[in-house]
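Chain residues, written in single-letter form:
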Amino acid sequence: MLLPHPVEGAEGPYDAGYLPRLEMTFHPVEEPITEPIAKMGGDPVWMDEPCWPVHPSTAEPLDFVGQFPVPVEPGEERRMAYLFLSYDDYETGGTDPEDGEAVLLVQPGGRIPAFATIGPAGTKGRSLWRFGPDEEQVSVQFRIHTTAVPETVERNLEEHGTVDIRDYLGGKPAYPDWAGVEAPWRFFFCLGGMEDDGPYFLNFAYGSGFAYLSPDRLEGRFSWEAA
């Protein structure tokens, strides 16, 4: 899997903190992924002790959405970011990056955000899912592949402020309105919402979700914005 690398000069979430920009595509798997590689759905493959977040009000385990390799400098240890979101009556949590309904955890050696509520040992929630017949919720799992973004896409961003892809790692972000966090958080990846009869269900009100990392890449944030 190709990964972007940290770059100097980024000061906040509107800069390209990691380059190059890479498009993510999701490919269904026949067998569960049990390695610490990029994926959507399934069970988290922890690189440290299991650490499952729960809803701060109800104590219900959040849904595991996916795991994403953290950009590292040459020689640094490999780390993974694990995304968890709440779900209630077709509403996906994450409109506020610090209310505990969206948690992005970094392992190993990462910091648990102060607003996150972690369940007791053995806590386990469900994973990413899609709607099946009669609105049955069916678990899904995808391997994430990454490819370099064509130069035409980058030019379109510079000229028009838009990106012609839904899911990408690194690069300069294109927000519908504004970033959900302030400096010094750095943009990490963009994840498109998927509703109705899509391969997975994430209700971002037809918008996109944005992940961020602290400058030392040991703590994460996530929030989504409607289109």
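To be clear, the structure that these remarks concern was listed above.
Now for a description of the structure that goes with this document. Quick caveat: nothing in here was measured; it's all calculated off a predicted structure.

## Here's the deal with the environment of Pro215
So, step 1. Position of Pro215 relative to the elements: it lies in the loop between β17 (208–213) and β18 (220–225).
So, step 2. Residue classification places Pro215 among the partly exposed residues on the basis of a relative accessible area of 39%.
So, step 3. What Pro215 contacts, discounting residues up to four positions off in sequence, is Pro184 and Arg186.

## Let's talk about the pattern of salt bridges
So, step 1. Considering all chains together, one arrives at seven salt bridges under this definition.
So, step 2. Ionic pairing is found between Arg217 and Glu76, a salt bridge with its closest N-O pair at 2.8 Å. Of this pair, Arg217 sits in the loop between β17 and β18 while Glu76 sits in the loop between β6 (63–69) and β7 (80–85); the two residues are 141 residues apart in sequence, bridging distant segments of the chain.
So, step 3. Owing to a relative accessible area of 8%, Arg217 belongs among the buried residues under this scheme.
So, step 4. In this structure, the salt-bridge partner of Asp216 is Arg111, at a minimum N-O distance of 2.8 Å. Highlighted residues: Asp216 in the loop between β17 and β18 and Arg111 in the loop between β10 (102–107) and β11 (117–118), separated in sequence by 105 residues.

## Re the pairing of strand β14 (residues 141–148)
So, step 1. Both strand β3 (residues 22–28) and β14 contribute to a ladder of seven bridges, which runs antiparallel. Along β14, the bridge assignment pairs Met24 with Thr146.
So, step 2. Examined bridge by bridge, strand β4 (residues 39–41) and β14 share three bridges and lie antiparallel to one another. From the neighbouring strand, Met40 faces β14, where its bridge partner is Phe142.

## Overview of the packing of aromatic side chains
So, step 1. Inspection of the entire model under this criterion finds 22 aromatic pairs.
So, step 2. Ring geometry for Tyr18 against Phe188: centres 6.4 Å apart, planes inclined by 65°, an arrangement best described as edge-to-face. Taken as a pair, Tyr18 in strand β2 (residues 18–19) and Phe188 in strand β16 (residues 186–192) lie far apart in primary sequence, 170 residues in all. The residues Tyr18 and Phe188 share a single accessibility class, namely buried.
So, step 3. With a centroid separation of 5.7 Å and 25° between ring planes, the pair formed by Phe204 and Trp224 is classed as stacked. Placement of Phe204 in the loop between β16 and β17 and of Trp224 in strand β18 is noted, with a sequence separation of 20 residues between them. Grouping residues by exposure puts Phe204 and Trp224 together as buried.

## Description of the side chain of Asp167
So, step 1. Its place among the elements puts Asp167 in the loop between α1 (151–160) and β15 (168–169).
So, step 2. Buried Asp167, no salt bridge; nearest opposite-charge side chain is Arg166, N-O distance 4.1 Å.
So, step 3. A polar contact is formed between the side chain of Asp167 and the backbone nitrogen of Gly192, at a distance of 2.7 Å.
So, step 4. Those residues in contact with Asp167, other than ones at most four positions away along the chain, are Leu22, Glu23, Met24, Phe26, Cys190, Leu191, Gly192 and Tyr200.

What counts and how
Residues numbered from 1 in each chain as written. Predicted model: local features only at pLDDT ≥ 70, side-chain atom pairs only at ≥ 80, totals over all residues. Heavy atoms only, no water. Helix = DSSP H or I, 4+ residues; strand = E, 2+ residues; numbered from the N terminus. Buried < 20%, exposed > 50% of the residue type's maximum accessible area, 1.4 Å probe, protein only. Contact = heavy atoms within 4.5 Å. Salt bridge = Lys/Arg side-chain N within 4 Å of Asp/Glu carboxyl O. Pairing = 2+ DSSP bridges. Phe/Tyr/Trp six-rings, centres within 6.5 Å; stacked < 30°, edge-to-face > 60°. Lys, Arg positive; Asp, Glu negative; His and termini not counted. Polar contact = N/O pair within 3.5 Å; in protein donor to acceptor, adjacent residues only side chain to side chain.

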